[in-house]
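Observations on chain architecture
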Amino acid sequence: MERTDRVLKAVGAWLFLILLSVAAAAVTIALVNKYQYGPETDVKAYFEALEAGDGAAALGALNAEVPDSNAALLDGEPLEAAAEKLEDVSISTVSSTGDQAVVRADYTLDGQEHSSEFTLHPADTQWGFFTVWDFDRTTLPTMQVSMAGSTAVDINGESVALTDSARDFAVFYPGVYTGSFTSPMVTAEPERILVTDPGNQADLELVASPSDELRSQVNGQVKTYLDNCAGQDTLYPASCPFSYEFTGRVLDDVQWSITEYPQPEVRLGGPTADRWTLMDAPGKAKIEFTSVNLFDGKTSKVSEEVPFTFKGDLGVTEDKATVTPEP
């Protein structure tokens, strides 16, 4: 009887150890499922790919399609710059069922608190215990970049081409996208937008401004044109915006001088507001000559100020402005 009791106790201890091992294994599987295979792990991997500027890894992790748009901002320096101001990332599961999990990422982006939610589903199991999760299939958001009068801009350090002064670009989220433009003729102050939601169409509009060099070239060409007009010994300088009506007789030379040079404003215009134009600008010229009275032959000095309006067309290339005056 005593021997039987010892056997039963041994068997009981053995069964207890088995149950304990099973329980420990279950806990281990649950922990591994949560911290190594759980949906939060996939979201963390996605954020790590963004911060590394690894577009291929980010796209694969997110299980996303690239929309019909330019992909220049989806990798390398532009992507890394987009995530540069991404801080204090905290990832947690909002809800989880057997066939779906919603994971939220709270973070600070460019100094502002934001959050993004991701939906995942079980895709497979490994070794029969560990659940492999995939993001639900989504499409990346797009950002329309526009700048009237320009064929290219800089986005997050990358020069990108525009078509008809605008273009759609696929982007990852969350991210900060900064646009700017600087050339010898044109500049645009930096503008930035934050993309945190895949469902939103983001718009980044840059406003082109004429550079000091463009204004200088325009004013220089206007001055040269008017000086040539003033150099003509006639009451009616050819192809020029000023003249002087006089019915008497002119003795000796006619002398013109420009007393106030026009400074036409350079701005974007045209039917689609994408062409550089010159606004009409006022100026003043002075005419001096000696007149002869046709009746008595007496002479007198004529000195008058003649107001005029400068009009012209403007052509702008990457480094040169061309002013075409309209008489």
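Keep in mind that what you see is a predicted model, and the values were worked out from it rather than measured. (Residues numbered from 1 in each chain as written. Predicted model: local features only at pLDDT ≥ 70, side-chain atom pairs only at ≥ 80, totals over all residues. Heavy atoms only, no water.)

**Some thoughts on the overall build of the chain**
The secondary structure content of the chain amounts to five helices and 21 strands. When burial is assessed residue by residue, the chain has 36% of its 327 residues classed as buried. Sequence separation of at least 24 residues holds for 55% of the intrachain contacts in the chain that already meet a minimum separation of 6. A total of about 18300 Å² of accessible surface is found on the chain, and carbon and sulfur atoms cover 49% of it. (Helix = DSSP H or I, 4+ residues; strand = E, 2+ residues; numbered from the N terminus. Buried < 20%, exposed > 50% of the residue type's maximum accessible area, 1.4 Å probe, protein only. Contact = heavy atoms within 4.5 Å. Areas by Shrake-Rupley, 256 points an atom, 1.4 Å probe, with all protein chains shown as cover.)

**Let's talk about the state of the cysteines**
Considering all chains together, one arrives at one disulfide under this definition. Between the sulfur of cysteine 229 and that of cysteine 240 lies a disulfide, 2.0 Å long from S to S. When the S-S torsion is -95°, as for the bridge of cysteine 229 with cysteine 240, the disulfide is left-handed. With cysteine 229 in helix α5 (residues 212–230) and cysteine 240 in the loop between α5 and β15 (249–260), this residue pair connects regions lying 11 residues apart in the sequence. Since its relative accessible area comes to 2%, cysteine 229 is described here as buried. We classify cysteine 240 as buried; its relative accessible area is 10%. (Disulfide = S-S within 2.5 Å.)

**With respect to the pattern of salt bridges**
All told, the structure shown has eight salt bridges when counted by the stated rule. In this structure, the salt-bridge partner of aspartate 227 is lysine 223, at a minimum N-O distance of 2.9 Å. You can see aspartate 227 and its partner lysine 223 sitting in helix α5, four residues apart, about one turn around the helix. Aspartate 227 gets classed as partly exposed once you look at its relative accessible area, which sits at 29%. You can call lysine 223 partly exposed: its relative accessible area is 40%. Between glutamate 288 and lysine 286 there is a salt bridge, with the nearest N and O atoms lying 3.8 Å from each other. (Salt bridge = Lys/Arg side-chain N within 4 Å of Asp/Glu carboxyl O.)

**Some thoughts on unusual backbone geometry**
A cis amide bond links tyrosine 173 with the next residue in sequence, proline 174, at an omega value of -5°. With respect to the helices and strands, proline 174 occurs in the loop between β10 (166–170) and β11 (175–182). One non-glycine residue, aspartate 88, lies in positive phi territory at about 50°. Considering the arrangement of structural elements, one finds aspartate 88 in strand β2 (residues 86–96). Within the chain, serine 165 stands out as a residue other than glycine whose phi angle is a positive 70°. The residue serine 165 is located in the loop between β9 (158–161) and β10 in this model.

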